[in-house]
Amino acid sequence: MKRRLPAIIIALLVCWSGSCYADFQEAERAFDKGDYPSALALYRADKTPESFNKLGVLYYNGLGVGRNVSEALHWFRRAADLGSAEAQANLGQLYETGDGVTMDLAEAMKWYGKAAAGGDPDAQHDFDRLRAESEPRRIRWYRRDALLGHVTAQYNLADAYYHGEEVPQDKREAAKWYLKAAEQGNVPAQYMLGLMLLQGDGVQNASAEGVAWLRKAASSGHREAQYQMGRCLLQGIGVRRDSEEAVLWLRKAAAQGEPTAVAALKEVGK
């Protein structure tokens, strides 16, 4: 492998000074001394995700055993399934390079993503790199400009993720970029973020916070936000029930031609 696995050999931890009691610690000491057959046996006896990952390292590099990428894959997968971020990253690299497996960049991104979530910064870099390489040019432009703080690009990137346009649908990612745009005053982003929070759509339900964003959008003249404010006030969703204020918002929305607001006003006899 081009980076991660050889680095593991160099960077394996030295065992604590004095006696080592756990099999993993003894295995680390044997590895550090270059006694790979003993390390292999001790890692096998330990049966922890960390040891399973190190077994993968030994098999991949042919240390103390014949080099066997398929066997390495087996151990990396066992460790990865048990939550080892290092093993998850190693799997990602195997799938990215097609080393011992059919090359599958989507599978590589999946494992890099799991490792990144487990706190591996190199895996986060690899995940971001693969995503950037696989994204259509328009999305790359949105992302570049969004990272530079351009509010329209942030909104467009959020919209692409929300609707799954040219990228896999990811509403959490959408909410992240809607928030950045909303904080810069983008009214459609304020509306979308408010609605997502209100409905728990791809994010944790937070009705009061959702209503706060809807109110910002409604106050800027967003007719759908005005309707949603009226509905929330009528039903007491995320805000204290207030039929008088509700009617005011519904009338504002109806005056802009929002059909749902017109229907809501008829229902309340206004």
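Residues numbered from 1 in each chain as written. Predicted model: local features only at pLDDT ≥ 70, side-chain atom pairs only at ≥ 80, totals over all residues. Heavy atoms only, no water.

Engineer: Before we go on, may I ask you to explain the overall build of the protein chain in this structure?
Structural biologist: Regarding its fold elements, the protein chain presents 16 helices and zero strands. The C-alpha radius of gyration computed for the protein chain amounts to 27 Å, which surpasses the reference 18 Å derived for 270 residues by more than 25%, pointing to a less compact arrangement than a globule. In terms of principal-axis extent, the alpha carbons of the protein chain reach across some 85 × 40 × 30 Å. Taking all 270 residues of the protein chain together, the buried fraction comes to 45%. Sequence-distant contacts, at least 24 apart, represent 43% of the contacts inside the protein chain between residues at least 6 apart. Of the accessible surface of the protein chain, which amounts to about 13,600 Å², a share of 51% is contributed by carbon and sulfur atoms. On the protein chain, the mean spot of the 34 positive side-chain charges and the mean spot of the 35 negative ones are 5 Å from each other. (Helix = DSSP H or I, 4+ residues; strand = E, 2+ residues; numbered from the N terminus. Rg over C-alpha atoms; globule rule 2.2 N^0.38 Å. Buried < 20%, exposed > 50% of the residue type's maximum accessible area, 1.4 Å probe, protein only. Contact = heavy atoms within 4.5 Å. Areas by Shrake-Rupley, 256 points an atom, 1.4 Å probe, with all protein chains shown as cover. Lys, Arg positive; Asp, Glu negative; His and termini not counted. Charge placed at Lys NZ, Arg CZ, Asp CG, Glu CD.)

Engineer: Help me out: how do you make sense of the packing of aromatic side chains in this one?
Structural biologist: Any aromatic ring pair is given by two values, namely how distant the centres are and how the planes are angled relative to each other. Counting across every chain of the model gives five aromatic pairs. Between the aromatic rings of Phe24 and Tyr43, the centroid separation amounts to 6.0 Å while the plane-to-plane angle is 45 degrees, which identifies the pairing as tilted. Residue Phe24 is found in helix α2 (residues 23–32), and its partner Tyr43 is found in helix α3 (residues 36–46); the two are separated by 19 residues along the sequence. Of the two residues examined, Phe24 and Tyr43, each falls in the buried class. Aromatic pair Tyr155 and Tyr178: ring centres 5.9 Å apart, planes at 50 degrees, arrangement tilted. (Phe/Tyr/Trp six-rings, centres within 6.5 Å; stacked < 30°, edge-to-face > 60°.)

Engineer: Explain the side chain of Gln88 here, please?
Structural biologist: Within the secondary structure layout, Gln88 lies in helix α6 (residues 85–97). The class for Gln88 is buried, based on a relative accessible area of 7%. One polar contact links the side chain of Gln88 to the main-chain amide nitrogen of Ala115, over a distance of 3.3 Å. Excluding residues that lie within four positions of it along the chain, Gln88 makes contacts with Ala80, Gly83, Trp111, Tyr112, Lys114 and Ala115. (Polar contact = N/O pair within 3.5 Å; in protein donor to acceptor, adjacent residues only side chain to side chain.)

Engineer: Is there a simple way to think about the packing of helix α15 (residues 243–255) against helix α16 (residues 259–267) in this case?
Structural biologist: Any two packed helices are characterised by how steeply their axes cross, that is the angle between the axes, and by the distance between the axes. Look at α15 against α16: their axes get within 7 Å of each other, and the N-to-C directions meet at 140 degrees. The orientation of α15 with respect to α16, classified from their angle, is oblique. You can see that α15 and α16 cross each other, and the crossing is left-handed. Where α15 approaches α16, its residues Val247, Leu250, Arg251, Ala253 and Ala254 are matched on the opposing element by Ala261, Val262, Ala264 and Leu265. Looking at the contact of α15 with α16 residue by residue, the class counts come to eight nonpolar, no polar and one charged. (Axes fitted to C-alpha atoms, helices over the stretch in contact; angles between N-to-C directions. Parallel < 35°, antiparallel > 145°, perpendicular 65-115°, else oblique. Left-handed = near helix turned anticlockwise from the far one by under 90°. Nonpolar A, V, L, I, M, F, W, Y, C, P; charged D, E, K, R; others polar.)

Engineer: How do you make sense of the packing of helix α13 (residues 207–219) against helix α14 (residues 223–235) when you look at a structure like this?
Structural biologist: The N-to-C vectors of α13 and α14 enclose an angle of 135 degrees; their axes lie 8 Å apart at closest approach. Compared by their axis directions, α13 and α14 come out oblique. As α13 runs across α14, the sense of the crossing is left-handed. Facing Val211, Leu214, Arg215, Ala217 and Ala218 of α13, the residues of α14 in contact are Ala225, Gln226, Gln228, Met229 and Cys232.

Engineer: In this structure, what is going on with the pattern of salt bridges? I would like to understand it.
Structural biologist: Between side chains of opposite charge, a pair can form when the charged atoms approach closely. Considering all chains together, one arrives at 11 salt bridges under this definition. The shortest N-O distance in the salt bridge between Glu28 and Lys54 comes to 3.3 Å. Of this pair, Glu28 sits in helix α2 while Lys54 sits in helix α4 (residues 49–61); the two residues are 26 residues apart in sequence, bridging distant segments of the chain. Notably, a salt bridge pairs Arg138 with Glu166, separated by 2.2 Å at the nearest N-O pair. Of this pair, Arg138 sits in helix α9 (residues 137–147) while Glu166 is found in the loop between α10 (151–163) and α11 (171–183), placing the two residues 28 residues apart along the sequence. Connected through salt bridges with shared partners, the residues Glu96, Asp126, Arg129 and Glu133 form a single ionic network. (Salt bridge = Lys/Arg side-chain N within 4 Å of Asp/Glu carboxyl O.)

Engineer: Just to check I follow, could you spell out α13 for this structure?
Structural biologist: Side chains that are three or four residues apart share a direction in an α-helix, a result of its 3.6 residues per turn. Across its 13 residues, α13 extends 18 Å between first and last C-alpha, which sits within 8% of the 18 Å expected from 1.5 Å per residue. Looking at α13, one finds that the buried residues are Gly210, Val211, Trp213, Leu214, Ala217 and Ala218. The arc enclosing the buried residues of α13, seen along the axis, measures out at 165 degrees, which places them on a common side. The outward face of α13, more than 90 degrees from its buried face, is lined by the exposed residues Ala208 and Ser219. Elements that come into contact with the buried residues of α13 comprise α11, α12 (187–199), α14 and α15. Residue Gly221 follows α13 closely and has a positive phi angle near 95 degrees. (Expected span 1.5 Å × (residues − 1). Arc of directions from axis to C-beta.)

On their own, these measurements won't tell you what the molecule is for.
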